[in-house]
Amino acid sequence: MSRPLERGALLCGVLVLLLSLQFGAALAGGPVALPLALLFSAGATWLWLWLEVPLGGVWVPPLVCALLCGVTAGVSYLAFRPDFAGLFTFVPAAAGSALTLYAVRRSQARCGLCNHRLPSGSLVFTCPRCSLHVCEERCWSFEHRRCQLCLEQRVHLLPTDERWWMSVAGPRSRHDRCQMCRGAADQVDLRLCPKCRRAQCRDCWDHNNGECARCGTALPDLPASLRETVASVAAQR
């Protein structure tokens, strides 16, 4: 199911089924109703999280489970006068829901940058510059293909060794401007694209993930963390 309304309807249907079982347990008295309330709330909360129905707050599932079990116990007591201990099923219901919620949320991965918990099925990206696993919603820049922190801090990734630059782009150009930042040859270290021969400075080559801004050609022998990123973008063109 993809739509929240459908998932919510399924959750309500399962809750009704579980409550009917809980009502039967309430008629049997506290020794049966109390442990079943714990299991009922744990299962209902796990289903709530698995279906990804909006919680509305972490306190909502325990409150709902306690309320449902409490009302069920109250109705059964008023109608059939079972064991008085069964009226306290709201206590294990709240505890079971809270413990399940705590366990599931604790097991969820966290974004390496904003530290928010990552729901199941959410997109997670590994930044090629800092190797952090970050969420798509707040911390990943699709345009620049890196995390927001590396983008803001202009973290460099390409090697600074002159021998590497000589092997992948040849010697420094002395008679051009960078096609991205427009820096002159006497101000920045310009290197020509292996394919279209347009010049980019080393900073802009790095900022553009080793790709030419004009033709999209990637420099050879890029760092391993960049190769998959560059290859995926090239496949989309």
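Residues numbered from 1 in each chain as written. Predicted model: local features only at pLDDT ≥ 70, side-chain atom pairs only at ≥ 80, totals over all residues. Heavy atoms only, no water.

Novice: Describe the confidence of the model for the chain, with residues and values.
Specialist: Overall, the predicted model of the chain reaches an average pLDDT of 82, with 90% of residues at or above 70. Across residues 233-237 the pLDDT falls below 50, and counting only partners more than four positions away or on other chains, this stretch makes four contacts in the model. (pLDDT = per-residue confidence, 0-100. Contact = heavy atoms within 4.5 Å.)

Novice: Explain unusual backbone geometry residue by residue, including any values.
Specialist: Here Ser 131, not a glycine, exhibits a phi torsion of approximately 70 degrees, which is positive. As for its placement among the helices and strands, Ser 131 is situated in the loop between strand E1 (124-126) and strand E2 (133-135). We note that Arg 182 has phi near 65 degrees; this positive angle belongs to a residue other than glycine. In this structure Arg 182 comes out as partly exposed when scored by relative accessible area, which is 48%. (Helix = DSSP H or I, 4+ residues; strand = E, 2+ residues; numbered from the N terminus. Buried < 20%, exposed > 50% of the residue type's maximum accessible area, 1.4 Å probe, protein only.)

Novice: Can you explain a positive patch on the surface? Please cite residues and give values.
Specialist: Side chains of Arg 177, Arg 182, Arg 198 and Arg 214 sit close together on the surface and give a patch of like positive charge. Within the secondary structure layout, Arg 177 lies in the loop between helix H6 (162-169) and strand E5 (190-192). Given the relative accessible area of 41%, Arg 177 is considered partly exposed. (Patch = residues over 30% accessible without salt bridge, like charges linked within 9 Å, V, L, I, M, F, W, Y side chains within 5 Å. Areas by Shrake-Rupley, 256 points an atom, 1.4 Å probe, with all protein chains shown as cover. Salt bridge = Lys/Arg side-chain N within 4 Å of Asp/Glu carboxyl O. Lys, Arg positive; Asp, Glu negative; His and termini not counted. Charge placed at Lys NZ, Arg CZ, Asp CG, Glu CD.)

Novice: Residues and numbers for the packing of helix H2 (residues 30-50) against helix H3 (residues 60-80), please.
Specialist: Helices that pack against each other are described as a pair by the angle of their axes relative to one another and the distance between those axes. Following both chains from N to C, one finds H2 and H3 inclined at 140 degrees, their axes separated by 10 Å at the closest point. Between H2 and H3, the angle falls in the class oblique. Regarding H2 and H3, the two cross each other, and that crossing is right-handed. Of H3, the residues touching H2 (which contributes Ala 37, Phe 40, Ser 41, Ala 44, Thr 45 and Trp 48) are Val 60, Pro 61, Val 64, Cys 65 and Cys 69. Classifying every residue of the contact of H2 with H3 gives nine nonpolar, two polar and no charged. (Axes fitted to C-alpha atoms, helices over the stretch in contact; angles between N-to-C directions. Parallel < 35°, antiparallel > 145°, perpendicular 65-115°, else oblique. Left-handed = near helix turned anticlockwise from the far one by under 90°. Nonpolar A, V, L, I, M, F, W, Y, C, P; charged D, E, K, R; others polar.)

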